[in-house]
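What follows is the residue order along each chain.
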Protein chains: 2
Amino acid sequence: MSEHGKSTATDAVYDLLCRAIIEQSLKPGMRLPEDTVGEQFGVSRTIVRHALVRLESEGLVVSKRNRGAFVAEPTLEEARQIFEVRRCLEAEVTRLLVQRMPRTGFDALEAHVRREHGVKGKDGPVSIRLAGEFHVLMAELSGNDVLAKYVTQVVRRCSLIMAMFANSHSSDCAVDEHSQIIAAIRAGDTARAVALMEHHLGAVADRAKFDATPDTVEAILARYGRELAQ
Amino acid sequence: MSEHGKSTATDAVYDLLCRAIIEQSLKPGMRLPEDTVGEQFGVSRTIVRHALVRLESEGLVVSKRNRGAFVAEPTLEEARQIFEVRRCLEAEVTRLLVQRMPRTGFDALEAHVRREHGVKGKDGPVSIRLAGEFHVLMAELSGNDVLAKYVTQVVRRCSLIMAMFANSHSSDCAVDEHSQIIAAIRAGDTARAVALMEHHLGAVADRAKFDATPDTVEAILARYGRELAQ
DNA sequence: GCCTTCAGGATCGTATCCAATCTGCGCCAG
DNA sequence: CTGGCGCAGATTGGATACGATCCTGAAGGC
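Quick caveat, the model's predicted, so the values are computed rather than measured. (Residues numbered from 1 in each chain as written. Chains lettered and ligands numbered in written order. Predicted model: local features only at pLDDT ≥ 70, side-chain atom pairs only at ≥ 80, totals over all residues. Heavy atoms only, no water.)

Peer 1: Help me understand the packing of helix α4 (residues 76-99) of chain A against helix α7 (residues 145-165) of chain B, please; the structure alone is not making it clear to me.
Peer 2: Each pair of packed helices can be summarised by the angle the axes make with each other and by the distance between the axes. Following both chains from N to C, one finds α4(A) and α7(B) inclined at 50 degrees, their axes separated by 7 Å at the closest point. Classified by the interaxial angle, the pair formed by α4(A) and α7(B) is oblique. Residues Q81(A), I82(A) and V85(A) of α4(A) form the contact with α7(B), whose participating residues are D145(B), V146(B), L147(B) and Y150(B). A per-class count over the contact of α4(A) with α7(B) returns five nonpolar, one polar and one charged. (Axes fitted to C-alpha atoms, helices over the stretch in contact; angles between N-to-C directions. Helix = DSSP H or I, 4+ residues; strand = E, 2+ residues; numbered from the N terminus. Parallel < 35°, antiparallel > 145°, perpendicular 65-115°, else oblique. Contact = heavy atoms within 4.5 Å. Nonpolar A, V, L, I, M, F, W, Y, C, P; charged D, E, K, R; others polar.)

Now the structure itself:
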């Protein structure tokens, strides 16, 4: 690698793997051999290793000792926990935005909603990514970088969870709910804004869990079968 | 190296660096050259680098390109943000504990408070560590591992912040406030428990900021002077 | 005298190399 | 025919080697 000093190669590999996982190109449980990834991106295993360490620390991949790295397969319990944290964090974001939304904040949010509308009918990956980015954008507008970083991580893991459990991504984040949340924030109605956000996230979580209820034998075997297929 | 297969060497280095930073053996702004750390622990740069990546992703160190890694020096703004997130997360922990405190939870918490009392008058490092561990213990009792992990990270960064700004660590976490929080949780009084927790954290944060107000020239120079001394 | 510039050293970023470990398959005993 | 054992291949874990980049500091020109 090493063509332009823009950024380190590790970051590039990290970003690509991140996107690939979120967009479901890399499915949960899939193996990530270091040299395969490395030669695919034209970098050495060292780079891939570092990227995988970062991804693991964020919970997107798990690595078993001397076995290698795999795309994380959150259990339902983990999913529940992650959604619990997400609801907590995003409620805080909402509260903060009612207090102190930056000048151009509403414009940015509404522009994003329009983009979401634009790809509403289209395929899942872009839609799911945009839906996540809306929440990340909100977090960034809160002015709290730490909070935004955590929201980013949690949203990513939620995308992974949706990839595992939900089957109808097209309706993941109802864009209308996004608009309603914006409206409540603009109106300065904290209680309503937070309630809308929690309902919004609750709806997403319930949808995921609902689709997962088939925890019957065939569902489990199907998942293991998918892992078998590498 | 490589004598006991207990765990990976990376974890060991990570833990040691983590503790060293929290206990202020490694002071904010201090350089962490990979070679130095490596030969100090008897491991190669590879290991150190992985540990540093993890530490950086948790905000305990920052690394500048081709410059190396440094113990993080949170600004007051960052400190404010971190405390904001911490208040949010720990309020959620408190709420969860009122709902579902595990069987032996109160015993564990009270045992910890007793240990805190035991070292109350003693030196800072142990006291500050125990104070942090109390909050981590609460988070772990919440049964939400993701939440507990984030609380752990935030508490660590707060310890670092206290190390920078506060000068009287002995009274960081008033042990009595810990007891009061436990009592409120036991009584099932969510509102009071959350209020106590937020007040508790607010007090800690204010104390830190109050001590930091001398952002005059000499304070800044003192900090740089400390960095100069490596 | 001050600023610019360039050489030196130090440190990081990346690649390559060796050792340890796990997996998979075949072989043999029961 | 079944189940355990052992060897070979593959893959990771860790260490070392080399090139790139950046800071330091001193020498030279304005």
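Peer 1: Just checking my understanding: could you explain the protein's contact with DNA strand C for this structure?
Peer 2: Within the structure, DNA strand C sits among 18 residues, and S44(A), T46(A), N66(A), R45(B) and R49(B) are positioned closest to it. Backbone atoms, meaning sugar plus phosphate, form 78% of the atoms of DNA strand C positioned within 4 Å of the protein. T46(A) is positioned such that a nitrogen or oxygen atom in its side chain is 3.1 Å from a base nitrogen of DNA strand C. At a separation of 2.8 Å, a phosphate oxygen of DNA strand C approaches a polar side-chain atom of R49(B). Going through the elements one at a time, α1 (9-22) and α3 (45-57) of chain A together with α3 (45-57) of chain B are the ones with two or more residues in the surface near DNA strand C. By residue number, the principal contributor to the surface near DNA strand C is α3(A), which donates three residues. Partitioned by chemical class, the residues of the surface near DNA strand C number four nonpolar, seven polar and seven charged. (Near = heavy atom within 4 Å. Polar contact = N/O pair within 3.5 Å; in protein donor to acceptor, adjacent residues only side chain to side chain.)

Peer 1: What exactly am I supposed to notice about the pattern of salt bridges here?
Peer 2: Side-chain pairs of opposite charge can arise where the charged atoms are in close proximity. Scanning the model with the defined rule gives 27 salt bridges over all chains in all. R129(B) is the partner of E23(B) in a salt bridge, and the nearest nitrogen-oxygen pair spans 3.5 Å. Of the two residues, E23(B) is situated in the loop between α1 (9-22) and β1 (31-32) and R129(B) in helix α6 (residues 124-141); the sequence distance between them amounts to 106 residues. E23(B) sits in the partly exposed class, given a relative accessible area of 23%. Where R156(B) meets E58(B), a salt bridge forms, and the shortest distance between an N and an O atom there is 3.4 Å. Pair noted here: R156(B) is in helix α7 and E58(B) is in the loop between α3 and β2 (61-64), with a separation of 98 residues, a long-range link. Overlapping salt bridges, with partners in common, bring together R19(A), E23(A), R129(A) and E133(A) in one network. (Salt bridge = Lys/Arg side-chain N within 4 Å of Asp/Glu carboxyl O. Buried < 20%, exposed > 50% of the residue type's maximum accessible area, 1.4 Å probe, protein only.)

Peer 1: Sorry, what's going on with the pairing of strand β3 (residues 68-71) of chain A here?
Peer 2: A regular strand carries its side chains on alternate faces of the sheet. All names here are of chain A. Bridge count between strand β1 (residues 31-32) and β3: two bridges; the pairing is antiparallel. When the sheet's bridge partners are listed, L32 is paired in β3 with A69. Note that strand β2 (residues 61-64) and β3 share four bridges and pair antiparallel. In the strand pairing of β3, K64 is matched with G68. (Pairing = 2+ DSSP bridges.)

Peer 1: What is the right way to look at the protein's contact with DNA strand D in this model?
Peer 2: P33(A), E34(A), R49(A), S44(B) and T46(B) are the nearest of the 16 residues found near DNA strand D. Within 4 Å of the protein, the contacting atoms of DNA strand D are 74% sugar and phosphate, with bases supplying the remainder. For DNA strand D, a base nitrogen lies 2.9 Å from a polar atom in the side chain of R49(A). At 3.0 Å from a base nitrogen of DNA strand D is found a side-chain nitrogen or oxygen belonging to T46(B). Broken down by secondary-structure element, the contributors of at least two residues to the surface near DNA strand D are α2 (34-41) and α3 of chain A together with α3 of chain B. Sorting elements by how many residues they give to the surface near DNA strand D places α3(B) first, with three residues.

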